[in-house]
Amino acid sequence: MHPALLLLTDSRLPAGGHAHSGGTEQAIASGAVHDVPTLAAFLKGRLHTAGAVTAALTAAACAHAASTTTAPITGTPGTPLWGRLDAEVDARTASPAQRHASRTQGRLLLRVARRVWPSPVLDGLAAESPNPHHPIALGTAAHAAGATPEEAAMAAAYHAISGPATAAVRLLGLDPVAVHGLLATLAPDLTAVTAGACRAAVHQDPGWAALPACSAPALDLLAERHATAEVRLFVS
Amino acid sequence: MRARAAVATVLGPGGRTVVQRLASAPPLTLRQTGPYTVHLVSTAAGPLGGDRLALDVAVAPRTTLELGSVASTLVLPGEGESEMLITARVGTGATLRFTPEPTVLAAGCEHRLLVRLTLEPGANVLWREELVLGRHGETTGRCHARFDAIRDGLPLLRQEFTVGDPALDTSPAVHGSARCVGTTFLTAVAKEPRVADGVAVLPLAGPGTLVSALAADAVGLRSRLEWGERTTINGDDSVAFGGDGPVPGLQ
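Residues numbered from 1 in each chain as written. Chains lettered and ligands numbered in written order. Predicted model: local features only at pLDDT ≥ 70, side-chain atom pairs only at ≥ 80, totals over all residues. Heavy atoms only, no water.

**Considerations on the packing of helix H5 (residues 96–116) of chain A against helix H11 (residues 217–228) of chain A**
Between two packed helices, both the angle of their axes relative to each other and the distance between the axes serve to describe the pair.
All names here are of chain A.
Thought 1: Interaxial distance between H5 and H11 falls to 8 Å at its minimum, and their mutual angle equals 80°. Considered as vectors, H5 and H11 are oriented roughly perpendicular to each other. Residues Pro-96, Ala-97 and Gln-98 of H5 pack against Leu-219, Asp-220, Ala-223, Glu-224 and Ala-227 of H11.
Thought 2: Its residues placed into classes, the contact of H5 with H11 shows 5 nonpolar, 1 polar and 2 charged. (Axes fitted to C-alpha atoms, helices over the stretch in contact; angles between N-to-C directions. Helix = DSSP H or I, 4+ residues; strand = E, 2+ residues; numbered from the N terminus. Parallel < 35°, antiparallel > 145°, perpendicular 65-115°, else oblique. Contact = heavy atoms within 4.5 Å. Nonpolar A, V, L, I, M, F, W, Y, C, P; charged D, E, K, R; others polar.)

**Some thoughts on the pattern of salt bridges**
Thought 1: Going through the model one piece at a time under the given rule, you end up with 21 salt bridges over all chains.
Thought 2: The residue Asp-148 of chain B makes a salt bridge to Arg-146 of chain B at a minimum N-O spacing of 2.8 Å.
Thought 3: Overall, the relative accessible area of 12% leaves Asp-148 of chain B in the buried class.
Thought 4: Given the relative accessible area of 10%, Arg-146 of chain B is considered buried.
Thought 5: Arg-158 of chain B is the salt-bridge partner of Asp-148 of chain B, the closest N and O atoms lying 2.7 Å from each other. Here Asp-148 of chain B is found in strand E13 (residues 142–151), whereas its partner Arg-158 of chain B is found in strand E14 (residues 154–163), with 10 residues between them in sequence.
Thought 6: The class of Arg-158 of chain B is buried, set by a relative accessible area of 5%.
Thought 7: Each of the salt bridges in this network shares a partner with another, and the network as a whole consists of Glu-88 and Arg-92 of chain A together with Arg-146, Asp-148, Arg-158 and Glu-160 of chain B. (Salt bridge = Lys/Arg side-chain N within 4 Å of Asp/Glu carboxyl O. Buried < 20%, exposed > 50% of the residue type's maximum accessible area, 1.4 Å probe, protein only.)

**Observations concerning the confidence of the model for chain A**
Thought 1: Averaged over every residue, the pLDDT of chain A is 91; the share at 70 or more is 93%.
Thought 2: Taken together, the stretch residues 72–79 of chain A has pLDDT below 50 and engages in 16 contacts with residues farther than four places along the chain or on a different chain. (pLDDT = per-residue confidence, 0-100.)

**What about the interface of chain A and chain B?**
Thought 1: Contacts between the two partners involve 36 residues from chain A, matched on the other side by 30 residues from chain B.
Thought 2: Surface buried jointly by chain A and chain B totals about 2600 Å² across both partners, of which 65% is contributed by carbon and sulfur atoms.
Thought 3: A salt bridge links Glu-88 of chain A to Arg-158 of chain B; the shortest N-O distance between them is 2.7 Å.
Thought 4: There are 11 residue pairs in polar contact (both at pLDDT 80 or more) connecting chain A and chain B.
Thought 5: For the side of chain A that touches chain B, the secondary-structure elements that each account for two or more residues are helix H3 (36–70), helix H4 (81–91), H5 and H11 of chain A.
Thought 6: Among the residues forming the side of chain A that touches chain B, the class breakdown is 20 nonpolar, 7 polar and 9 charged. (Buried area = accessible area lost by both parts, 1.4 Å probe. Polar contact = N/O pair within 3.5 Å; in protein donor to acceptor, adjacent residues only side chain to side chain.)

**Examining the sheet that holds strand E2 (residues 17–23) of chain B**
Residue and element names in this part refer to chain B.
Thought 1: Read across the sheet, 7 strands follow the order E2-E1-E5-E8-E11-E13-E14 without closing on themselves; strand pairing throughout is mixed. Here the strands that pair on one side only, and so sit at the sheet edges, are E2 and E14. Sheet twist, expressed as the mean angle between neighbouring strand axes with direction ignored, is 10°. (Pairing = 2+ DSSP bridges.)

**Thoughts on the environment of Thr-166 of chain A**
All names here are of chain A.
Thought 1: Structurally, Thr-166 can be placed in helix H8 (residues 149–172).
Thought 2: For the pair Thr-166 and Val-179, spaced 13 residues apart in the sequence, the C-alpha separation amounts to 8.0 Å.
Thought 3: In terms of polar contacts, Thr-166 uses its side chain to reach the backbone carbonyl oxygen of Ser-162, at 2.8 Å.

**A short note on the pairing of strand E5 (residues 52–59) of chain B**
All names here are of chain B.
Thought 1: Where strand E1 (residues 2–11) lies against E5, 7 bridges are found, and the strand directions are parallel. Within E5, the position partnered with Ala-6 by the bridge is Asp-56.
Thought 2: Sheet topology places E5 next to strand E8 (residues 82–90); 8 bridges connect them, and they run parallel. Across the sheet, the residue bridging to Leu-55 is Ile-86, located in E8.

**A few points about unusual backbone geometry**
All names here are of chain B.
Thought 1: Following Pro-26, the chain continues into Pro-27 via a peptide bond in cis, with omega recorded as 15°.
Thought 2: Within the fold, Pro-27 resides in the loop between E2 and strand E3 (28–34).
Thought 3: In this model, Arg-62 sits at a positive phi of 65°, which is unusual for a non-glycine residue.
Thought 4: Within the secondary structure, Arg-62 sits in the loop between E5 and strand E6 (64–69).

**A short note on the packing of aromatic side chains**
Pairs of aromatic rings are described using the distance from one ring centre to the other and the angle between the two planes.
Residue and element names in this part refer to chain B.
Thought 1: The full count for this structure, using the stated rule, is 3 aromatic pairs over all chains.
Thought 2: Ring centres of Phe-147 and Phe-185 lie 5.6 Å apart, and the angle between their planes is 50°; on these two criteria the pair is classed as tilted. Taken together, the residues Phe-147 in strand E13 and Phe-185 in strand E15 (residues 180–186) connect sequence positions 38 residues apart.
Thought 3: A relative accessible area of 6% means that Phe-147 is categorised as buried.
Thought 4: When its relative accessible area of 2% is taken as the criterion, Phe-185 is described as buried.
Thought 5: Linked through ring pairs, Phe-98, Trp-127, Phe-147 and Phe-185 together constitute an aromatic cluster. (Phe/Tyr/Trp six-rings, centres within 6.5 Å; stacked < 30°, edge-to-face > 60°.)

Shown next, in the form of structure tokens:
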């Protein structure tokens, strides 16, 4: 494992990830998540739907970043193909609130990554897409930091559950050790989601049409309800 | 059983829609029930495991097709997976309303439901899909549904939905305690996102809207989806389906 992966997945990376609960706050407000077992079911569902999609898109972005670095198509790293991958993310994110959260986190991560791992491929992405979706920013940052598409997918899959898990600890006052124990039990799921994401993503560049598009209807509803909530602690 | 059915329209004299091709292939039997209305009539049980069914829909530019079904589809177990592949192309200025009755996933079934929808510029579409997770009192079978809508060569909506993994089915992130899940894809553009009990109106990044709903039963699901469809359509003046009022765009 590349050490940069530790930095990318650390909640202390100042990229604003701590402000997002990925629907957890609203799931708690609605009563659907209220203890460790219900949080476990929520996180597992989130990982195998939204997590699987974002992991595949992140792996695709990382592989694409690598291909533009080694064989720039237009002479400069960061080709117009970013726009096509961006459209693939949009098409897989029906909820406007989730698209907004994804682009907000992507913009912040891109800004941080350009200072931490300066590289032409990140500059190229910023020039073409100042507000990239989070998986595109994460995949490109992972490549700039020296990580592989598989490692990038792992970071994305972990990101899909780690932020929501800590949000639940804060909102419900759960035992943080119990919640980290729960994250540990999801390790085999993280491995499986990562492997599936890479199978789908790495050999498809630039044919991204068949990438996973697993939807989670409840997450869509929660995201939109959260966006209209009067009182909220988290952005999403 | 392998079957491939097809329906196609052409623009007739005076700008009227003519249903030019109606190729039934049992168990997919097509019956024309109105000037531009066609219903699927199942003439055999199933689909059963091992069946490979396909339906091709071609709506020519500036024509209209309304496609429904007379009854819900009951997917049953059998030898291996069953598959239903629907390929639809909607031409410039054409209108397609696809509103079949729900697909019921009987216990033990292994189903794949694939939709490939290609839209030319100015196509109007309303595409409803409803899944019922098992018959009354029964656990659900397995189903993998995938919906891809491409407009002017760009992806507009890609959605997959997997049913039948108990750990995921009951997740409050996926569909919790709901027994019925459904979506309606519309090319009409909702003015803003809306959310009500068990249903959300989601304006897409491109020109279209997804209504996504969860419910305890099929009746509740239908009413939630129809609320979302009305909410979308009433907010969009350029739309072809006008609810109770006159229906501009339909001949």
